[in-house]
Amino acid sequence: MTIHAITVLGHDRPGIIADTTARLAGLGLNLEDSTMTRLRGHFAMTLLCAGEATTEAIRADLEPIASDGTLTVTVYELPEEQAATGAGRLFVLSVHGGDRPGIVSTVTAEIAAAGGNITDLTTRLSGDLYVVVAELELPADADVAVLESAIRRVTQELGVDATLRPIEADDL
Amino acid sequence: MTINERVAAWTEAELGVEGKVLDVVRAPAQVLSVPGEDVDPTAPEIIQLAADLIATMRVSPGCVGLAADQVGVSARIFCVDVSTHVKTKTHHGTYVLCNAEVVEASRNEKAREGCMSVPDLTGDVKRASRLKVRGQLPVTGETVEIVADAFEARCLQHEIDHTDGLLFIDRVAGAHALHQRQTYL
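Per an unreviewed UniProt entry, chain B carries the name Peptide deformylase and comes from Nocardioides panzhihuensis. Note on chain B: under the UniProt heading Sequence similarities (unreviewed entry), the record states "Belongs to the polypeptide deformylase family." Turning to chain B, the UniProt record has this under Function (unreviewed entry): "Removes the formyl group from the N-terminal Met of newly synthesized proteins. Requires at least a dipeptide for an efficient rate of reaction. N-terminal L-methionine is a prerequisite for activity but the enzyme has broad specificity at other positions."

If you check an unreviewed UniProt entry, chain A appears there as Glycine cleavage system transcriptional repressor from Nocardioides panzhihuensis.

Q: I'd like to hear about the environment of Ala134(A), residue by residue, with values.
A: Residue and element names in this part refer to chain A. With respect to the element layout, Ala134 can be found in strand β7 (residues 129-138). Expressed as a C-alpha distance, the spacing of Ala134 and Asp61, which sit 73 residues apart in the sequence, is 35 Å. If near-sequence neighbours (up to four positions away) are discounted, Ala134 is found in contact with Phe91, Val92, Leu93, Ile118, Asp120 and Leu121.

Q: Describe the interface of chain A and chain B, listing the residues and the values that go with them.
A: Taken residue by residue, the interface counts 22 residues in chain A and 20 residues in chain B. Regarding the contact of chain A and chain B, the summed buried area is about 1,800 Å², with carbon and sulfur atoms giving 52% of it. Counting every contact that joins chain A to chain B gives 11 residue pairs in polar contact (both at pLDDT 80 or more). Of all the secondary-structure elements, those providing two or more residues to the side of chain A that touches chain B are β5 (89-98), β6 (117-126), β7 and β8 (160-166) of chain A. The element best represented in the side of chain A that touches chain B is β6(A), accounting for 6 residues. Per-class residue counts for the side of chain A that touches chain B are 6 nonpolar, 8 polar and 8 charged.

Q: Could you give me a rundown of the UniProt feature "active site" (unreviewed entry) in chain B, with the residues and numbers involved?
A: Residues and elements named next belong to chain B. Sites flagged by UniProt as "active site" (unreviewed entry) map to Glu159. In this fold, Glu159 is placed in helix α3 (residues 150-163). Owing to a relative accessible area of 3%, Glu159 belongs among the buried residues under this scheme. Those residues in contact with Glu159, other than ones at most four positions away along the chain, are Gly65, Leu66, Ala67, Gln70, Phe78, Cys79 and Val80.

Q: Outline unusual backbone geometry, supporting the account with residue identities and numerical values.
A: Ala27(B) connects to Pro28(B) through a cis peptide bond whose omega is 10°. By secondary structure assignment, the location of Pro28(B) is in the loop between α1 (5-9) and α2 (44-59). If you check the backbone angles, Arg40(A) has positive phi at about 50° while not being a glycine. Residue Arg40(A) is classed as exposed on the basis of its relative accessible area of 63%. The residue Arg107(B) is not glycine, and still its phi comes out positive at about 60°. Along the chain, Arg107(B) falls in strand β3 (residues 95-115). The exposure class assigned to Arg107(B) is exposed, which follows from its relative accessible area of 55%.

Criteria and thresholds
- Residues numbered from 1 in each chain as written.
- Chains lettered and ligands numbered in written order.
- Predicted model: local features only at pLDDT ≥ 70, side-chain atom pairs only at ≥ 80, totals over all residues.
- Heavy atoms only, no water.
- UniProt positions renumbered as here; feature names shortened; annotations may be inferred.
- Helix = DSSP H or I, 4+ residues; strand = E, 2+ residues; numbered from the N terminus.
- Contact = heavy atoms within 4.5 Å.
- Buried area = accessible area lost by both parts, 1.4 Å probe.
- Polar contact = N/O pair within 3.5 Å; in protein donor to acceptor, adjacent residues only side chain to side chain.
- Nonpolar A, V, L, I, M, F, W, Y, C, P; charged D, E, K, R; others polar.
- Buried < 20%, exposed > 50% of the residue type's maximum accessible area, 1.4 Å probe, protein only.

What follows is the structure in structure tokens.
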């Protein structure tokens, strides 16, 4: 059993997901994890598929999807690795303010410096307003107050606002 | 649910002044990001601002609450009227609160929120659906407490956040909790 990472990116139209996943199912591949979204009119998806098909076979089978030149498809085999253990604490970081280059890089650098790992991140541009929402995991021994003040310092320099909040999961 | 009869009976007629429709400020305007100043509910300019907030809320389709910073004034005052909203259970009609604060909050529920100051985005936000808020009425300055539920509770928290310099963006539940608005009111 191997895991393949497949990306499909390009001009949005109806049927991209149906077509791609039908081809993968035809190869006996199981869709284990995926993210699919539309970014400024471009459709983007990343799929992790498990199965016995070879990289070459998957590429050949998906080739017709990209044949009209509006979509780009990539296929890579992933090495076996253990999933992250997730012993840290989970947070949501919201950043919003006037659009300018460097907001994501500056803020994520502070998270990385604190040993934090970003597990999910979305940005939205709406008129002049730029919004970043990131989910991140901090090491159990990380000093949250120090990270908060570091984020406050860089966001003040950027002229944007930031809020860091713990994620509370309700076990039912 | 106990309705505060004093607040429920309040109408903008108590203000005794005509409200003007003001322009609504959009993010990333700085005024939306700073905590508002405490206000004197009996001051003539605050009474006029209360009337202006209601007038602006009335002409804005779907608007159920408006805070002073949304019209460019950094002051802790907002108006609310959720009486016609489909998600409303109990409500206190139209009213204005000055220097409002949350006293008790419980029973969190997640729902999608929008804001006139962030017109193109919506977000999933967890908020208390049972809420006790303390604030002052304009003109008399009398302190009132409101126990609100469901949509009125959500609206009050959203407006009090505005008076604290926070937007719903600051409270979205996660990276997939922010959405491009698909339909406009």
